[in-house]
Structures are given as C-alpha cells and as structure tokens.
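# Working through the structure, step by step
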Number of protein chains: 2
Amino acid sequence: MEEKLQKFKKLSAEISNLRATSAVLNWDQLVNMPAGAAEDRGEQIATIEEILHQKSTSEELGRLLEDLSADAKTLDADSDEARMIKVAKRQFDKAVKVPADYVSENARVTTVAQSVWEKAKTESDFEIFRPYLQQVVDLRRQYADFFKPWDHVYDPLLDDFEPGMKTAEVQEIFGKLRPMQVKLIKAIAQKPQVEKSFLELEYPEKGQLDFGVEVIRQFGYDWNHGRQDKSAHPFTTGFGLNDVRITTRFNTHYLPTAMFGTMHECGHALYELGINKAYNRTPLADGASMAVHESQSRMWENLVGRSRAFWKHYFPRLQTIFPSQLGNVNAEMFYKAVNAVEPSFIRTESDEATYNLHIMLRLEMEIALMEGSLAVKDAREAWNEKFKAYLGLVPPDDAHGVLQDVHWSFGGLGYFPTYALGNLVSVQIWERMTRDIPDVEEQIGEAKFDGLLAWLREHVHIFGAKYEPQELMVKVTGSRITPEPYMRYLETKFGEIYAL
Amino acid sequence: MEEKLQKFKKLSAEISNLRATSAVLNWDQLVNMPAGAAEDRGEQIATIEEILHQKSTSEELGRLLEDLSADAKTLDADSDEARMIKVAKRQFDKAVKVPADYVSENARVTTVAQSVWEKAKTESDFEIFRPYLQQVVDLRRQYADFFKPWDHVYDPLLDDFEPGMKTAEVQEIFGKLRPMQVKLIKAIAQKPQVEKSFLELEYPEKGQLDFGVEVIRQFGYDWNHGRQDKSAHPFTTGFGLNDVRITTRFNTHYLPTAMFGTMHECGHALYELGINKAYNRTPLADGASMAVHESQSRMWENLVGRSRAFWKHYFPRLQTIFPSQLGNVNAEMFYKAVNAVEPSFIRTESDEATYNLHIMLRLEMEIALMEGSLAVKDAREAWNEKFKAYLGLVPPDDAHGVLQDVHWSFGGLGYFPTYALGNLVSVQIWERMTRDIPDVEEQIGEAKFDGLLAWLREHVHIFGAKYEPQELMVKVTGSRITPEPYMRYLETKFGEIYAL
C-alpha cells in the first residue's frame with residue numbers, strides 16, 4: 001500500500017502542478033496579457049487543460065484509486081491519507097464522465113469568451129458577448145448531460161462548486177431567506193436614508209491602494225506568498241499553497257469598491273494560505289467548497305470590515321489619507337455610510353441586506369437558461385425585468401446589468417448561489433467563534449486580528465478540502481448550513497442602524 | 001502524407017503550447033512571483049518540462065518524422081513543409097538523447113538556482129550561489145555526455161543555441177577579432193577621453209521609462225502584442241508569435257542602462273513579432289539562432305540607437321525630459337558620451353569596442369568549467385584574474401563580477417558566445433541593407449524606422465527558423481559569418497570619435 005500511496009501522491013502532485021500552471025496562464029491573461037494574444041492563450045490553456053484531463057482520468061490513476069479505496073479501509077477513516085483518497089476518488093469518478101474533446105473545446109471557448117466579455121463590458125453592449133454566452137450555455141447543458149440521471153439539470157453545475165448540494169436544497173434555503181430580506185428592505189425604505197454622498201467624491205487611486213495594503217497587511221496577508229494587481233473583475237487565485245494572489249478594481253469616484261473588494265479577496269487568500277502546508281500538491285490543498293471559501297471573504301469584508309469596531313480604529317487613519325474628502329465626516333457616520341441599505345446595480349458593491357437578491361436573480365436566470373425556458377438572446381431583457389421586480393430599478397446599460405460579472409464568460413454557471421450561501425456560513429461560523437473570543441470586537445477596535453486569524457486557521461483553514469462543506473459546518477458549528485444566524489445578524493445590525 | 005502532416009502539425013502545436021506555457025511560468029517567476037513561491041514554481045516548471053520532453057521525444061512523433069522525412073523528398077526542398085519537417089527532425093534527434101529524468105531534474109535545479117542567484121546578486125556574495133552553480137555545471141557536463149562523441153565537450157552546448165556551430169570555429173573567429181580589438185582599445189587609451197560624467201547624474205525612473213517607450217513605439221514595437229516590465233536582468237520572451245514581452249532594468253544613476261537595454265530587448269521582440277504568422281505553433285516559429293537573434297537586438301541598440309543620426313533627432317527630446325541634467329549638453333556631446341570606450345565591469349553596459357572581450361572571458365571560463373580545468377569554487381578568482389588581464393580592472397564585488405549575469409543560473413552555458421557573433425552578424429546584415437536603403441541614416445535622423453523594419457522583416461524576420469543561421473547569412477549577405485565587416489565598423493566609428 002505504501003508504494004501505491006507514493007505513486008498516488010506523485011500523480012496528484014503532477015495534477016496539482018498542471019492546475020497551478022493553468023491558473024498562472026489565466027491570471028496572466030486577466031492581469032497582464034496584451035489583447036492581441038487572446039487566441040494563442042486560448043490554445044495554450046486548451047493544451048494544458050487537455051493534458052490535465054488526461055492525467056486526471058488516466059486508467060493508471062483509476063486503478064490506483066480503486067486499489068487504494070479498498071486498502072484505505074485499514075486506515076483511520078479520519079486520517080489525511082484516507083481523506084485524500086476519498087476526495088481524489090470523488091473527483092476522478094466525476095472527471096471520467098467528461099470526454100477530453102469537451103474539455104479542450106470548453107477551455108478554448110471560455111478563454112476567448114473572457115476576452116470578448118471584457119470588450120463587451122467596456123463597450124457596454126451585450127450583443128458583442130451574446131454569441132459567446134450562447135456557446136457557453138450550450139457547453140454547460142452538454143456538460144450536465146454527462147451526469148445524467150439527475151434530479152435537476154442544474155445539479156451537476158452546483159455540485160462542482162458545492163460538493164453534495166442540490167438545486168432543491170438551495171431553493172429551500174433561499175425560500176426562507178427571501179421573505180425575511182424583502183420585509184427588512186421594505187422596513188428600511190420607510191426610514192430616512194443615512195448620509196453617504198461623501199463616498200462618491202473623488203478618491204485618487206494611490207491613496208485607496210495604500211489604505212487597502214495597510215489593512216490587509218494587518219489582517220495578516222503575507223507579501224512573501226502573495227501579491228496584489230489590478231484587473232477588470234477582482235479575483236483571488238492560488239498557484240499552490242505558497243503563492244496566493246489577489247486583484248483589485250479601483251473606482252476613483254466610489255470609495256467602497258476597492259476598499260471592501262481588497263478585504264474580500266484578502267479573505268479568500270487568507271483561507272488558502274492557512275491550509276495545512278503538508279497538503280500542498282495533494283487533493284486536499286483546496287477550500288472545502290466555494291460557499292466556505294466565500295464565507296471567509298465575506299467575513300473579512302463584512303463582519304470585520306463593515307463593523308463599527310473596525311472603523312473606530314481605521315477611520316482616523318483613512319481621514320489622514322483623504323483629509324479634504326472626509327474632513328467633515330466622523331467614524332460613526334462612516335460606519336453607517338458603508339452599511340447604507342439601498343438597492344443598486346452592481347452586485348459586488350451592493351449592501352448586505354440586498355446582496356442576496358442579486359444572487360437569487362442570477363440563480364433563477366441560470367436555472368432558466370439551463371432548462372431552456374430562457375433563450376440567451378432574451379437574457380438582457382430577462383435580467384432587466386427581474387432587476388426591476390426585485391430591486392425596483394432598471395439598469396441604465398449592460399455594463400451595470402447583464403454584463404457586470406465575469407462568471408458566465410468562464411463558464412461558471414452554478415457558482416453564484418455559493419455567494420449567498422457563503423454569507424450564511426460566514427455568520428454561522430462567526431457566532432461560534434465569539435464563544436471562544438468573546439472580546440473579538442474590542443480586538444478589532446485595536447486593529448488586532450491575530451487572535452481571529454489563528455482561530456479561523458485552527459478551526460477552518462487548516463483542514464483544506466479534507467471535509468465536505470456540510471461535514472465541516474457540523475464539525476465547526478454543530479449544525480449544517482442554516483439561514484437563521486444570518487437573518488438574526490441582518491435584523492440586529494440594520495435594526496440598530498435604521499432604528500427599526 | 002496530408003494526414004500525417006496534419007497529425008504532425010497537431011503534435012507540433014501541442015509542443016509549442018507547452019513551450020509557451022513554460023515561458024509564461026518563467027517570465028512570471030522573474031517579473032511577478034513572490035519570493036516564497038520559488039520551490040513550488042520549480043515543481044510546476046519541472047512538470048511542464050517533463051511533459052514537454054515526453055511529447056518532444058514520443059515514439060509517435062518519431063515514427064511520424066521518420067515517415068515524413070522520407071515522404072518530404074517529393075516536396076520542394078525549400079517549401080515551408082519540407083523545412084518544418086527538417087527542423088523538427090533535427091530537434092527530435094537531439095531530444096531523444098536526453099533522458100526524461102535529466103530534464104525534470106535540470107528544470108528543478110535551474111528554477112531554484114535562478115532565485116538563489118537573485119538573492120546572491122543582491123547580497124553580492126558568490127558563496128551563496130556557488131553550490132547551485134556547481135549543480136548547474138555538473139548537469140551541463142552530464143548533458144554534453146549524452147551527445148558523445150564530440151570534438152569538444154562544449155560543442156553540444158553551443159549547438160543548442162547556434163545550430164551547427166563548433167567550439168573550434170568560434171575560437172577561430174574570436175582569434176581574428178581579439179588582436180584587432182585589443183589594438184583598437186590601446187589606441188583609444190592614448191587619446192583624451194570624451195566627456196560623459198553627465199550620464200551619471202540622477203535620472204528619475206519615470207522619465208527614463210517614458211523616453212524608452214516613446215523610442216520603441218517609433219521603432220515599431222506593438223503594445224497590442226507585447227508589454228514591458230521590470231526585472232533584475234532584462235530579457236525578452238515570447239509566448240507564441242502574438243505575445244512577445246520585454247523587461248527592463250532601471251538605474252537612476254546611469255542613464256544608458258535602461259535606454260539601450262530597452263532598445264536592445266525591443267530588437268529581439270521585433271524579430272519574433274516579424275516571423276511569418278503562418279509559422280505560429282510550428283517548429284519554424286523561432287529565430288534562426290541566438291546569434292541572428294542577438295544581431296537584431298544589437299542592431300537596434302547600437303547601429304540605430306548609438307548612431308549620430310539617431311541622437312540628432314532624439315537628443316532634443318531627451319533634453320526636454322531631463323532639462324536640468326542635460327541642459328549644458330548637445331547632441332554631438334551626447335553621441336560621443338554614449339559611445340565612450342572605457343573598460344568597465346558590466347557586460348550589458350559595456351561599449352562596443354570592449355564588449356566582445358567580456359564575452360571572450362566568459363567563453364574561456366565556460367570551456368574551462370566544462371573541461372574541468374576550472375573548479376566552480378575557484379570561479380570568482382578566475383573571473384577576477386581574467387578581468388584584470390583583459391580589461392585592466394578588478395571587480396569591486398561579485399555583483400559587478402562573476403554574479404552579474406543570469407545565464408549560468410538557468411543553465412545557459414554556451415549562450416554567451418552568440419552575443420559576440422550577434423555583433424558580427426548585425427553589421428554584416430547592416431552593410432547589405434544599406435545597398436537597398438542608402439539613405440538609412442537620413443531616415444533615422446527623422447525618426448523614420450518603417451523602411452528599415454520592413455527591410456529586416458522581408459529579408460530576415462519573416463523566415464523564422466526556416467533556414468539555419470549560416471544558410472540565412474549566405475542568403476541575405478552572400479557570405480557566412482565573418483568578422484571583417486564588424487572590424488571595419490569599429491575602426492571607422494571609433495577612429496572618427498577618437499581621431500585615431
């Protein structure tokens with residue numbers, strides 16, 4: 001068995017190196033690559049993805065996993081080795097269902113689609129992107145078919161991001177959440193709005209960058225194992241457990257964009273950098289799921305970054321960077337401003353009370369596109385209609401509507417719901433954490449984050465992908481993902497801010 | 001045959017995509033990667049290089065090339081297809097001699113060695129780099145052994161960069177060159193030195209960057225297919241024929257470093273960007289050899305960038321960027337200053353008259369290291385002794401001596417002589433070009449480079465690796481590489497500047 005394990009680890013390391021390589025090609029494309037190289041890059045990524053697929057589905061690996069799965073019965077079921085084999089077996093059984101041709105075609109299409117999306121977004125014209133979205137949707141439907149039978153055509157997509165989660169379960173959770181959030185928003189709409197116009201003054205990029213760097217350095221982001229760049233859509237990507245990079249988008253006329261975007265991506269990066277280094281180049285060197293990943297980014301962005309305690313410490317600092325813009329503002333005003341609840345167009349800039357409605361809109365559209373009940377050519381109209389229905393607004397253009405997110409261009413249908421689930425998970429974990437660190441707010445008020453980060457590392461990060469998400473949630477919080485903590489959190493926080 | 005050709009092109013495209021991918025990983029390492037990720041990056045590059053080696057030496061490719069080489073007799077020997085097969089066959093026959101284990105080990109060692117070299121250079125301590133150089137040299141000797149029998153242990157290394165060239169031939173060319181260059185330098189040393197202290201004032205990076213960008217934009221460098229970054233050692237790298245990037249090193253107290261470095265790398269990039277796009281992802285999508293490559297970089301750096309005509313146009317522009325530093329200088333003074341002949345420590349900043357002596361030193365050391373007549377532990381002393389003998393100076397520290405170049409850290413022994421050959425080739429081609437463009441100097445004086453670039457594209461660039469270097473030289477200039485044009489050029493130019 002030892003020999004087989006070594007062989008398995010060698011193959012896993014190769015697969016992991018190829019994944020990291022593909023991620024480097026992709027990061028470079030979004031951060032550095034000259035526009036004229038998009039097609040070539042598509043070919044390069046396609047070659048790597050094809051090899052990756054071959055290696056991930058090789059008979060050799062299959063036989064090895066078959067043998068090891070049998071042998072693993074002699075191991076402690078909770079040992080790293082046993083878990084590694086289990087996770088690899090699950091991935092293998094999924095991967096062998098997808099033909100190599102499909103994989104390279106998908107890589108080629110989505111690479112070009114990402115470049116086209118950037119252009120379409122810049123020109124704010126959905127028609128430029130439409131034929132590429134059509135190809136992406138066709139490919140995703142083809143993909144779902146590889147996993148038949150399913151309860152719902154959307155299940156296989158969701159399962160890629162949230163192992164074990166079903167469309168019906170997500171719909172049930174969202175079903176509980178929606179009336180509560182709608183009720184909350186209506187109640188807030190009856191109250192006077194908080195002052196927040198000062199967030200829309202001119203804030204030069206340099207100051208925004210410096211402030212963001214200062215904050216995430218104090219959060220614990222390690223520049224020896226990461227870096228920060230600019231990109232059209234902020235994201236985090238890791239090339240192994242020692243190089244986890246974030247990107248940021250700056251808006252010189254809206255301060256929160258880069259500020260909370262930076263904290264958000266830093267949260268993702270801290271998660272990956274906190275995974276047990278012994279898991280590097282193994283199937284466990286990953287987050288437990290996208291929802292758990294998102295819980296970490298939303299935690300640093302919202303539970304830390306949008307807290308009163310945080311601004312008690314950081315507002316004076318921010319004021320020294322932007323004295324003319326913030327001279328007449330105080331910490332309490334700033335805290336309320338960055339928590340203002342107001343329906344708006346861009347998901348990544350939306351407040352905590354409306355955020356999940358942005359997700360519900362996308363989830364419903366994705367389900368309809370996959371079912372075929374919505375045609376791609378009608379996607380812009382569908383978006384705008386739903387937006388009006390849920391948030392009471394009509395996007396002024398496609399860049400503020402159907403084109404705002406990168407996800408569809410890379411084929412990431414199934415990804416969005418994990419954002420809302422991540423919100424729930426973040427508060428569920430936070431509630432548990434406060435039992436161990438009851439003075440966490442005071443610590444945040446003193447810009448001390450090491451206790452919090454150490455707790456997250458010990459209880460969440462360290463495990464990587466060892467546990468499935470629901471298993472991890474039970475282990476950490478004693479319960480599966482549930483909306484109640486998040487509902488309590490929203491009611492308390494916004495009840496206080498808006499005096500409901 | 002058509003079917004086999006298609007299959008061959010598909011395999012070639014895969015190999016080309018893997019090469020491009022490896023180059024992206026390497027570029028990222030030198031330009032962006034956080035230091036803490038060096039080991040992981042080594043593993044990633046090793047995986048890609050291992051797969052690349054498998055694909056480049058596969059039985060499938062071997063059989064295909066065997067068959068196609070036979071079939072190719074029915075093709076026009078000068079057709080792209082016939083040449084493609086010939087070049088691929090040559091590469092295949094070399095590659096199969098190198099075991100896969102060696103390839104991945106070499107990739108792993110040189111990746112780490114590059115990071116260590118950066119650190120060693122920063123700390124100017126050869127001892128930090130020494131054990132890694134030992135590993136590199138051991139690996140290179142092992143490599144040479146795969147190609148036995150050879151006339152000289154250094155031949156296989158040279159052949160990788162300069163197809164068909166032998167150590168003995170290079171020594172013969174250098175043998176002719178050396179006495180002439182030594183004589184020239186001695187004659188110049190008798191004459192009063194030109195004024196050049198103004199080059200060592202403080203020149204802020206921003207202005208240097210802007211000027212460089214302006215110049216290479218006018219040379220014809222296309223930002224839609226390239227970009228410029230900073231790195232410890234300037235280099236050019238291409239990921240296919242549509243993405244050729246350059247890097248630059250800035251020295252705020254020595255103006256020529258970045259200025260001529262930028263033109264130099266731009267020359268390399270213009271070559272690759274000028275290769276027939278129909279060759280993309282084929283074995284012809286490359287320069288004819290490193291010497292030909294270097295001829296293009298040296299041509300733009302020296303024959304264009306260090307010409308009187310160039311500064312007639314550009315000096316007034318430079319003066320407006322650096323008015324306080326260059327207020328009391330004129331174009332003629334500037335022309336002479338950037339052509340001052342004076343033995344100095346750094347090869348990349350050395351003048352045209354002494355440059356080749358830097359190369360001869362390295363060539364002799366490399367040959368001695370390969371023969372085993374010089375031990376790695378004695379490399380610093382050997383360098384310093386030779387430097388004193390050839391250039392009359394002793395390097396003040398390792399950063400200005402044995403550690404100055406990146407090449408050894410990536411295993412590039414055999415590379416340096418192509419720099420000196422490139423100088424010869426540049427003038428040999430230039431002499432031929434002036435027959436077609438007799439007013440090239442006037443054009444340069446008006447910052448018009450499109451005629452020159454078009455000529456180079458038509459006569460040199462377009463062919464990529466279709467012709468072997470000596471074949472290309474005969475085709476373009478009517479003769480093999482010969483030192484006489486370069487010797488004439490040096491005597492005329494410096495005879496005039498120093499009134500010899």
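The residue numbers shown here count from 1 along each chain, following its written sequence. Chains and ligands are labelled by the order in which they are written, letters from A for the one and numbers from 1 for the other. Note on the predicted model: pLDDT of at least 70 is required for a residue's local features to be given, and 80 or more for side-chain atom pairs to be given and counted; whole-chain, interface and lining totals, by contrast, use all residues.

## Observations concerning the overall build of chain A
Each helix corresponds to a stretch of at least 4 residues labelled H or I by DSSP, and each strand to a stretch of at least 2 residues labelled E; elements are numbered beginning at the N terminus. Looking only at helices and strands, one finds 21 helices and 3 strands in chain A. The principal-axis extents of the C-alpha atoms in chain A amount to approximately 70 × 50 × 45 Å. For the exposure call, what matters is how many other C-beta atoms sit within 10 Å of a residue's own: 20 or more marks it buried, 12 or fewer exposed, and in between partly exposed, using C-beta atoms placed from the backbone. Counting over 500 residues, chain A shows a buried share of 47%. The contact criterion used is a C-beta to C-beta distance within 7 Å, with each C-beta placed from the backbone. Summarising the internal contacts of chain A: among those between residues at least 6 apart in sequence, 72% fall at separations of at least 24.

## Observations regarding the pairing of strand β3 (residues 244-248) of chain A
All names here are of chain A. Of all 5 residues making up β3, 5 are buried, and the element is well covered by its neighbours. Side chains of β3 alternate between two faces, with Val 244, Ile 246 and Thr 248 and Arg 245 and Thr 247 buried alike. Strands pair, by our definition, only if DSSP identifies at least two bridges between them. In terms of strand pairing, strand β1 (residues 228-230) meets β3 through 3 bridges, oriented parallel. Of the residues in β3, the one forming a bridge with Gln 228 is Ile 246. In the sheet, strand β2 (residues 236-238) pairs with β3 via 3 bridges, with the strands oriented antiparallel.

## Remarks on the interface of chain B and chain A
Across the boundary between the two partners, chain B contributes 30 residues, which contact 30 residues of chain A. Contributions of two or more residues to the side of chain B that touches chain A are made by α1 (2-31) and α2 (38-56) of chain B. The element that contributes the greatest number of residues to the side of chain B that touches chain A is α1(B), accounting for 8 residues. For the side of chain B that touches chain A, the per-class residue count stands at 12 nonpolar, 11 polar and 7 charged. Each residue gets one of three labels, nonpolar for Ala, Val, Leu, Ile, Met, Phe, Trp, Tyr, Cys and Pro, charged for Asp, Glu, Lys and Arg, and polar for the others, Gly among them.

## Observations regarding the domain arrangement of chain A
All names here are of chain A. In terms of domain boundaries, chain A breaks down into domain 1 (2-146) and domain 2 (167-497). Between the C-alpha centres of domain 1 and domain 2 there is a distance of 26 Å. Of the residues lining the interface, 38 residues belong to domain 1; the matching set on domain 2 comes to 32 residues. For the side of domain 1 that touches domain 2, the elements supplying multiple residues, two or more each, are α1 (2-31), α4 (80-95), α5 (100-123) and α6 (126-145). Tallied by class, the residues present in the side of domain 1 that touches domain 2 amount to 20 nonpolar, 9 polar and 9 charged. Note that the domain bounds were set by an automatic or database domain assignment.

## Some remarks on the packing of helix α2 (residues 38-56) of chain A against α1(B)
Running from amino to carboxyl end, α2(A) crosses α1(B) at an angle of 100°, the nearest separation of the two axes being 9 Å. One way to sum up the angle between α2(A) and α1(B) is to call them roughly perpendicular. Here α2(A) contributes A:Glu43, A:Gln44, A:Thr47 and A:Ile48 to the contact with α1(B), which in turn contributes B:Glu14, B:Asn17, B:Leu18, B:Ala20 and B:Thr21. Grouping the constituent residues of the contact of α2(A) with α1(B) by class yields 3 nonpolar, 4 polar and 2 charged. Orientation is described by lines fitted to C-alpha atoms, with helices fitted over the stretch in contact, and by angles between N-to-C directions that extend from 0 to 180 degrees. When an angle is under 35 degrees it counts as roughly parallel; over 145 it counts as roughly antiparallel; between 65 and 115 it counts as roughly perpendicular; any other value is oblique.

## Topic: the confidence of the model for chain A
pLDDT is a residue-level measure of predictor confidence that goes from 0 to 100. Confidence in the prediction for chain A averages 95 pLDDT; 100% of positions are at 70 or higher. Confidence estimates for the predicted assembly give a pTM of 0.90 and an ipTM of 0.90.

## Description of the relation of the copies chain B and chain A
Superposition of the two copies of the chain requires a rotation about an axis together with a shift along that axis. Under the fitted operation, chain B is carried onto chain A by 0.0 Å of movement along the axis and a turn of 180°, and the coordinates agree to an RMSD of 0.0 Å. Taken together, the rotation and translation describe the operation of a two-fold axis. Counting the interface residues of chain B, we find that 100% of their copies in chain A are interface residues as well, pointing to one common contact surface. For this overlay, a least-squares fit was computed on C-alpha atoms, restricted to residues scoring pLDDT of at least 70 in both copies.

## Description of the nonpolar core
To form a nonpolar core, buried Ala, Val, Leu, Ile, Met, Phe, Trp, Tyr and Cys residues must be joined through C-beta atoms within 7 Å. Ranked by size, the top nonpolar core spans 118 residues in total, and within it B:Leu133, B:Phe219, B:Cys266, B:Leu270 and B:Val425 carry the most contacts. Examining the composition of this core, we find that 10 residues originate from one element, helix α17 (residues 416-436) of chain B, more than from any other. Mapping this core onto the domain boundaries places at least three of its residues in each of domain 1 (2-149) and domain 2 (167-497) of chain B. Apart from residues no more than four positions distant in its own chain, B:Leu133 is found in contact with B:Val376, B:Ala379 and B:Trp408. In this structure, A:Val109, A:Leu369, A:Ala379 and A:Val402 belong to the second largest nonpolar core, which totals 117 residues.

## A few points about unusual backbone geometry
If a residue is not glycine, its phi is most likely negative; likewise, a peptide bond is most likely trans. For the bond from A:Lys148 to A:Pro149, the omega torsion is 0°, close enough to zero to count as cis. Secondary-structure assignment places A:Pro149 in the loop between α6 and α7 (155-161). In this structure, B:Arg281 takes a positive phi of about 65° despite not being glycine. Its place among the elements puts B:Arg281 in the loop between α10 (256-273) and α11 (290-304). On the basis of neighbour counts, which here come to 22 C-beta atoms within 10 Å, the residue B:Arg281 falls in the buried class.

## Regarding the sheet that holds β1(A)
All names here are of chain A. Pairing in this open sheet of 3 strands is mixed, and the strands run β1-β3-β2 from one edge to the other. Both outer strands of the open sheet, β1 and β2, are each paired with one neighbouring strand and no more. On average, each strand axis in the sheet is tilted by 25° relative to the strand beside it, whichever way the strands run.

## Section: the sheet that holds strand β2 (residues 236-238) of chain B
All names here are of chain B. Taken together, the 3 strands give an open sheet; going across it, the order is β1-β3-β2, and neighbouring strands pair in mixed fashion. Strand pairing shows two members of the sheet lacking a second neighbour, β1 (228-230) and β2, which therefore form its edges. This sheet shows a mean twist of 30° between the axes of neighbouring strands, independent of strand direction.

## What about the packing of helix α15 (residues 352-371) of chain A against helix α16 (residues 379-391) of chain A?
All names here are of chain A. Where α15 meets α16, the closest approach of the two axes is 10 Å, and the angle between their N-to-C directions is 145°. Crossing geometry of α15 relative to α16 is assigned as right-handed. Across the interface between the two elements, Thr 354, Leu 357, Met 360, Leu 361, Glu 364 and Met 365 from α15 touch Ala 379, Ala 382, Trp 383, Lys 386, Phe 387, Tyr 390 and Leu 391 from α16. The residue inventory of the contact of α15 with α16, partitioned by class, reads 10 nonpolar, 1 polar and 2 charged. By convention the crossing between two helices is left-handed if the near helix lies anticlockwise of the far one by an angle smaller than a right angle, and right-handed if it lies clockwise.

## Digging into α17(B)
Here α17(B) contains 21 residues, and its C-alpha end-to-end distance of 31 Å stays within 8% of the 30 Å for a straight helix at 1.5 Å per residue. Counting buried positions over the 21 residues of α17(B) gives 16, a clear majority of the element. Multiplying 1.5 Å by the helix residue count minus one yields the expected span of that helix.

## Topic: the environment of A:Asn423
Residues and elements named next belong to chain A. Tracing the sequence through the fold places Asn 423 in helix α17 (residues 416-436). Its 26 C-beta neighbours within 10 Å are what place Asn 423 among the buried residues. The spatial distance from the C-alpha of Asn 423 to the C-alpha of Ser 69 is 35 Å, given a sequence separation of 354 residues. Leave out the neighbours within four places in its chain, and Asn 423 touches Arg 298, Tyr 355, Asn 356 and Tyr 486.

## Section: the environment of B:Gln428
Residues and elements named next belong to chain B. Residue placement: Gln 428 occurs in helix α17. A count of 24 C-beta atoms within 10 Å places Gln 428 in the buried class. C-alpha separation for the pair Gln 428 and Glu 381, spaced 47 residues apart in sequence, amounts to 36 Å. Ignoring anything within four residues of it in the chain, the contact list for Gln 428 reads Met 473, Thr 477, Ile 481, Thr 482 and Pro 485.

## Re helix α12 (residues 308-321) of chain B
Residues and elements named next belong to chain B. Compared with the 20 Å implied by 1.5 Å per residue over 14 residues, the 20 Å span of α12 between its first and last C-alpha is a close match. At Tyr 314, α12 shows its strongest bend, of approximately 45°, with the proline Pro 316 following within four residues. Tucked inside the fold, the buried residues of α12 contact α9 (205-219), α11, α13 (323-326), α14 (331-337) and α18 (440-445). What is called the bend at a residue is the angle between a pair of axes, fitted to the seven residues leading up to and ending at it and to the seven starting from it.

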